[in-house]
Amino acid sequence: CLAALQLAAGTAYAASPWEDPSRIRSAAVEWVRSQTPDHVTVRASALDSRLRLSRCEQPLSAASNHSSTGSAWNIAVSCPAARQSGHGLWTVHVPVQVSDVRTVVVLSRAASPGRPLTAEDLELQQRDVSSLAYGYLERTELVLGRSLRRPLLMGSTLSPDVLAEATVIRRGKVVTVLSQLGSLQVRSQGKALSDASTGETVSVQNLSSSRVVQGVVRDAGTVEVLL
C-alpha cells in the first residue's frame, strides 16, 4: 500500500504543471545548512498556498542576496532551467530561521555595576545563541569576581561586552611603582588612590615623597609610570 501511495504521489507531481512548494523550501534549507555548522537547526517558513510557479525540470538553485548572519535568513530559490529555455523564469524568496541552542550564563537575579558577581548571581540556561548579537559565555568561572558595566535584570544573558575587567588593585593598596626610561628602571613604593583593573590608568602616591603620579596597572602589584 505504501509503495502504491508513493507511486501515486510521484505520478500526481509529474502531472502537475506547478512546482512543489516543499521542494522549494528544501532547496532553501539545504543551502543554509551548507553555510552553517552541523549542530544548528534550520527551518524554512511555509510559502503562500496561492503560489503558482511553473514546474522546474532541473535541480533548483538557491543563494542568499547578501551575507546573512544571525537567526533570520532570506534565501532566493530559482529555476535555472527556465533561464536557458527563455520562458517560465521564476525566483521566490524563502525566509529561513536558524537556531543554535546552547547552555549559557545568565543572571539569577538583578545586578548593578560595582559589585563583584558571585555564584549566587549566576545560573546556566539554554538559549538560542544565534540571536545573541553581542556574544555569550558558557562557563560561570569566566564571570565570577567580575562586575557589570551597566545594570541588568534577572534572566539577562551575560556577554563579554557587559563585563568590566576584574579589579586587581584596590584603593589604599601598596604597590610597586615602576618607572622606566630606556634601559634604566627605578622601583619605589606607592599607595593606590583608586580601584583599577589590569590595563587601566591609576593615580599612585609615592610613599617617600608624597608625590602623586599616574601609571598603567600591569598586574595586581605593579603600576608602570611611563617617562
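Located above this text is the structure these notes cover.
Before going into details, it helps to say that this report is about the structure given with it. (Residues numbered from 1 in each chain as written. Predicted model: local features only at pLDDT ≥ 70, side-chain atom pairs only at ≥ 80, totals over all residues. Heavy atoms only, no water.)

## Side note on the overall build of the protein chain
Moving on, step 1. A tally of helices and strands in the protein chain yields three helices and 15 strands.
Moving on, step 2. Buried positions account for 33% of the 227 residues belonging to the protein chain.
Moving on, step 3. A sequence separation of at least 24 residues applies to 51% of the contacts in the protein chain between residues at least 6 apart.
Moving on, step 4. Carbon and sulfur atoms make up 52% of the accessible area of the protein chain, which totals about 13600 Å². (Helix = DSSP H or I, 4+ residues; strand = E, 2+ residues; numbered from the N terminus. Buried < 20%, exposed > 50% of the residue type's maximum accessible area, 1.4 Å probe, protein only. Contact = heavy atoms within 4.5 Å. Areas by Shrake-Rupley, 256 points an atom, 1.4 Å probe, with all protein chains shown as cover.)

## Overview of unusual backbone geometry
Moving on, step 1. Despite not being glycine, Ser210 shows a phi value in the positive range, around 65 degrees.
Moving on, step 2. Position of Ser210 relative to the elements: it lies in the loop between strand S13 (201–206) and strand S14 (212–219).
Moving on, step 3. For Ser210, a relative accessible area of 46% translates into the label partly exposed.

## Points about the sheet that holds strand S1 (residues 41–44)
Moving on, step 1. The four strands are arranged S1-S4-S3-S2 in an open sheet whose pairing can be described as antiparallel. Taken across any chain shown, the strands that pair with only one partner, and hence form the sheet edges, are S1 and strand S2 (61–64). Between one strand axis and the next, the sheet turns by 35 degrees as a mean value, whatever way the strands run.
Moving on, step 2. Inspection of the sheet shows S2 paired to strand S3 (residues 72–78) by four bridges, in the antiparallel sense. If you follow Ser64 over to S3, its bridge partner there is Ile75.
Moving on, step 3. Its contacts with the sheet put helix H2 (residues 21–35) on S1, S2, S3 and strand S4 (91–99), and the angle it makes with S3 is roughly 125 degrees. (Pairing = 2+ DSSP bridges. Axes fitted to C-alpha atoms, helices over the stretch in contact; angles between N-to-C directions.)

## Focus on the sheet that holds strand S15 (residues 222–226)
Moving on, step 1. Taking strand neighbours around the barrel as the criterion, the five strands line up as S10-S11-S13-S14-S15 in a closed arrangement whose pairing is mixed. Taking the axes of each pair of neighbouring strands and ignoring which way they run, one obtains an average angle of 50 degrees across the sheet.
Moving on, step 2. Across five bridges, strand S10 (residues 174–181) lies against S15 in parallel orientation. Within the sheet, the bridge partner assigned to Gln180 lies in S15 and is Leu226.

## Digging into the layout of surface pockets
Moving on, step 1. Size it by volume and the largest pocket reaches roughly 170 Å³.
Moving on, step 2. Forming the boundary of the largest pocket are Val177, Ser179, Val186, Ser188, Asn206, Ser209, Arg211, Val213, Val225 and Leu227.
Moving on, step 3. Broken down by secondary-structure element, the contributors of at least two residues to the lining of the largest pocket are S10 and strand S11 (184–192).
Moving on, step 4. Considering only residue class, the lining of the largest pocket consists of five nonpolar, four polar and one charged. (1 Å grid on protein atoms, 1.4 Å probe; cavity = no way out; pocket = protein on both sides within 12 Å on 5 of 7 lines; lining within 4 Å. Points joined across faces, edges and corners; volume = space filled by probe spheres on them. Nonpolar A, V, L, I, M, F, W, Y, C, P; charged D, E, K, R; others polar.)

From the geometry alone we can't say anything about function, so treat these as descriptive.
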